[in-house]
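# Summary of the model geometry
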Amino acid sequence: GAGVSQSPSNKVTEKGKDVELRCDPISGHTALYWYRQSLGQGLEFLIYFQGNSAPDKSGLPSDRFSAERTGGSVSTLTIQRTQQEDSAVYLCASSPGTSGSYTQYFGPGTRLTVL
Amino acid sequence: AQSVTQLDSHVSVSEGTPVLLRCNYSSSYSPSLFWYVQHPNKGLQLLLKYTSAATLVKGINGFEAEFKKSETSFHLTKPSAHMSDAAEYFCVVSDPVGNEKLTFGTGTRLTIIP
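Bear in mind the structure is a predicted one, so any value in this text is a computation, not a measurement.

Here the largest pocket is characterised by a volume of approximately 680 Å³. Those elements giving two or more residues to the lining of the largest pocket turn out to be β4 (31–38), β5 (42–50), β8 (88–95) and β10 (110–114) of chain A together with β10 (87–94) of chain B. Residues that form the lining of the largest pocket fall into these classes: 9 nonpolar, 13 polar and 4 charged.

Now the structure itself:
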């Protein structure tokens, strides 16, 4: 079946602009995660959604970052007033549920470049 | 808190020789541990995972890893390297009380010498 998809694959923006990154998880997966991969910080957790529960936002680096998940499926990560340090690859992952036995399946990522 | 330490940032081996990528973990709980691989300009792919069943875990493409609680290690091995194994490898631990969010090691870049 189809894997996790993300769009756009690449995004170049100017400092100060807002950007939206989209994630389509695997159909039927209730858990969705956002991670960020950057040169300075490696791979780090950003935010987590599970069903209709309140999201775990503990990894968001600042209040310029927000995310939503509509209808328990598609998720959008929004970065307001982008800064150069936001340049990174943003990865989305989904899993069938929340258990260590479940595998998180990753999308190809969105490469964000802030000029 | 969970953490993993990958002891080598870069490993080079000749094609056909064994591969060893080292990982040590720290966890307050019985951990779930993973190895993911990332080929250039590709997404992360799961190689194998340990979730408290057999301590020797076999994964895809001939890779395996052994969970050693006494040494807090989860090293990745392969008997014979292939050119297609050249990639970045991440040792990962999940947080069982933190919604299973993943904590990644800093990665080991594996280079295969022809």
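Let us now look at the nonpolar core. Soluble globular proteins tend to pack their nonpolar side chains together in the buried interior. Ranked by size, the top nonpolar core spans 26 residues in total, and within it W35, L48, L76 and Y89 of chain B carry the most contacts. Here this core gets 4 residues from one element, more than from any other, and that element is β10 of chain B. The residues touching L48 of chain B, leaving out its near neighbours within four places in the chain, are L33, F34, W35, V57, K58, G59, F63, E64, A65, F74 and L76 of chain B. Grouped together as the second largest cluster of nonpolar side chains are 20 residues, C23, I26, L46 and V114 of chain A included.

Residue and element names in this part refer to chain A. With the rule as written, the count across this model stands at 14 aromatic pairs over all chains. Seen from their ring centres, Y33 and Y35 are 6.1 Å apart, and the 20° between their planes marks the pair as stacked. For the pair Y33 and Y35, one class covers both residues: buried.

On to the state of the cysteines, then. Following the criterion strictly, the structure yields 2 disulfides over all chains and no others. The disulfide that involves C23 of chain A links it to C92 of chain A, with 1.9 Å between the sulfurs. With the S-S bond torsion at -65°, the cross-link from C23 of chain A to C92 of chain A turns out left-handed. Taken together, the residues C23 of chain A in strand β3 (residues 19–24) and C92 of chain A in strand β8 connect sequence positions 69 residues apart. Relative accessible area serves as the criterion here: at 0%, C92 of chain A is assigned to the buried category. Between the sulfur atoms of C23 of chain B and its disulfide partner C91 of chain B the distance amounts to 2.0 Å. With the S-S bond torsion at -65°, the cross-link from C23 of chain B to C91 of chain B turns out left-handed.

What counts as what
- Residues numbered from 1 in each chain as written.
- Chains lettered and ligands numbered in written order.
- Predicted model: local features only at pLDDT ≥ 70, side-chain atom pairs only at ≥ 80, totals over all residues.
- Heavy atoms only, no water.
- 1 Å grid on protein atoms, 1.4 Å probe; cavity = no way out; pocket = protein on both sides within 12 Å on 5 of 7 lines; lining within 4 Å.
- Points joined across faces, edges and corners; volume = space filled by probe spheres on them.
- Helix = DSSP H or I, 4+ residues; strand = E, 2+ residues; numbered from the N terminus.
- Nonpolar A, V, L, I, M, F, W, Y, C, P; charged D, E, K, R; others polar.
- Core = buried A, V, L, I, M, F, W, Y, C linked by side-chain atoms within 4.5 Å.
- Buried < 20%, exposed > 50% of the residue type's maximum accessible area, 1.4 Å probe, protein only.
- Contact = heavy atoms within 4.5 Å.
- Phe/Tyr/Trp six-rings, centres within 6.5 Å; stacked < 30°, edge-to-face > 60°.
- Disulfide = S-S within 2.5 Å.

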